[in-house]
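Residues per chain are reported as follows:
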Amino acid sequence: MNDKVIAVIPARYASTRLPGKPLVEIAGKSLIRWVWEAAQGCSTLDEIVVATDDDRVLNECLHFGARAVMTSPDCPSGSDRIAEAVAGCQHGIIVNIQGDEPLLDPLTVDACVAALQNDAAAGVVSAMTYFRDGEDYTEPHMVKVVTDHQGYAMYFSRAPIPDMTRLSPDEQQAADAPLKHVGLYVYRRPALEAFVRLPPSKYELAEKLEQLRLLEAGIKIRMVLTDSSAVGVDTPEDVIRVEKRLLEKKAAETS
């Protein structure tokens with residue numbers, strides 16, 4: 001095992017709300033191609049691979065020059081798919097890049113990789129950001145995180161944590177702003193291997209958040225604060241919204 005870094009982009013074909021999601025066209029390119037190209041902007045990655053369960057996604061990746069591997073359609077989670085994809089390699093650090101986030105910020109990925117390389121106590125590094133104007137802190141699909149004084153995650157929840165309702169307006173003003181979890185994970189290989197060997201944990205099952213399995217097992221998750229907020233594609237409405245953002249970004253880069 002060495003300190004080389006491999007990023008794996010899990011790309012499962014089936015999606016309840018958006019069938020064939022990795023191949024959905026956005027601004028002239030497939031979703032998986034947008035994610036791959038964004039990952040190419042990361043300076044800390046030695047290798048990038050797409051892990052899929054479908055020949056159509058595999059062929060699309062090969063068409064635009066990405067490395068891709070087939071994994072079992074029975075993988076219960078993206079982390080399991082990633083573990084299967086890297087089973088034959090010797091990279092010591094594995095980055096889980098979500099396959100539905102075409103607006104991935106390479107600087108956030110690089111910051112998380114660097115944080116793991118510089119923290120021997122952490123088994124995993126993930127990212128967090130402040131809630132934006134218009135985002136509803138109480139929405140269950142927006143996962144919240146609280147950290148200790150050293151920057152390690154104490155808990156993740158779909159519930160609004162910390163509970164600010166017991167504070168007076170002045171106390172709320174003085175309190176730290178709530179933090180939203182950004183679904184990016186950088187694993188040391190032993191932490192990833194431990195994760196997929198463990199059964200789902202009680203809080204993981206209650207919250208439907210697999211990262212809680214790591215915390216319950218005593219694996220430290222270092223959190224990195226970023227200005228970038230993840231924008232995922234889960235519905236046809238998301239496609240329209242993200243396409244607008246991508247076109248605006250492209251126009252700004254060429255102006």
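Presented here is an overview of the structure given in this document.

The rules behind these values
- By convention here, each chain's residues receive numbers from 1 onward along its written sequence.
- In keeping with the model being predicted, local features are shown solely for residues with a pLDDT of at least 70 and side-chain atom pairs are shown and tallied solely at 80 or more, while totals for entire chains, interfaces and linings include all residues.
- To obtain the side-chain values, all non-hydrogen atoms of the structure were included, while hydrogens and water were left out.
- For the purposes of this analysis, a disulfide is any pair of cysteine sulfur atoms at a distance within 2.5 Å.
- Only protein chains enter the accessibility calculation, which uses a 1.4 Å probe; a residue is then buried when its area is under 20% of its type maximum, exposed when over 50%, and partly exposed in between.
- One side-chain nitrogen of Lys or Arg within 4 Å of one carboxyl oxygen of Asp or Glu is enough to make a salt bridge.
- Helix and strand labels come from DSSP, where a helix needs a run of H or I of at least four residues and a strand needs a run of E of at least two; each type is numbered from the N terminus.
- Only protein atoms enter the 1 Å grid, on which a cavity is a set of points fitting a 1.4 Å probe that cannot get out and a pocket is an open set with protein on both sides within 12 Å along at least 5 of 7 lines, lining residues being those with an atom within 4 Å of a point.
- Grid points are joined across faces, edges and corners, and a volume is the space filled by probe spheres set on the points.
- Each residue receives one of three labels: charged for Asp, Glu, Lys and Arg, nonpolar for Ala, Val, Leu, Ile, Met, Phe, Trp, Tyr, Cys and Pro, and polar for the others, Gly being one of them.

Another point: the state of the cysteines. The tally for this structure, following the rule as stated, stands at zero disulfides. The thiol sulfur of cysteine 61 is not disulfide-bonded, and the nearest other cysteine sulfur, from cysteine 75, lies at 16 Å. With no disulfide of its own, cysteine 89 lies closest to cysteine 75 among cysteine sulfurs, the gap being 15 Å. Accessibility expressed as a relative area gives 17% for cysteine 89, which makes it buried.

A separate point is the pattern of salt bridges. All chains considered together, the criterion is met by 14 salt bridges. As a salt-bridge pair, aspartate 54 and arginine 56 come within 2.8 Å of each other at their nearest N and O atoms. For arginine 56, a relative accessible area of 45% translates into the label partly exposed. Two residues, lysine 180 and glutamate 135, come together in a salt bridge whose shortest N-O distance is 2.8 Å. You can see lysine 180 sitting in strand β10 (residues 179-188) and its partner glutamate 135 sitting in the loop between β7 (124-130) and β8 (144-147), a full 45 residues away along the chain. A relative accessible area of 7% places lysine 180 in the buried class. For glutamate 135, a relative accessible area of 23% puts it in the partly exposed group. When salt bridges with common partners are traced through the structure, they connect Arg17, Lys21, Asp100 and Asp234 into a single cluster.

Okay, empty space enclosed by the protein next. Applying the stated rule across the entire model yields one cavity of 30 Å³ or more. By volume, the largest cavity amounts to about 120 Å³. The wall of the largest cavity is formed by 16 residues, among which Glu101, Leu104, Asp105, Val182 and Ala230 lie closest to the centre. Of all the elements, β10 adds the most residues to the lining of the largest cavity, at three residues. Considered class by class, the residues forming the lining of the largest cavity number eight nonpolar, six polar and two charged.

A few words on the layout of surface pockets. As a volume, the second largest pocket reaches approximately 350 Å³. What lines the second largest pocket is a set of 15 residues, and nearest its centre among them are Val146, Thr147, Asp176, Ala177 and Leu179. Those elements giving two or more residues to the lining of the second largest pocket turn out to be β7 and β8. Residues belonging to the lining of the second largest pocket are distributed by class as follows: 11 nonpolar, two polar and two charged.

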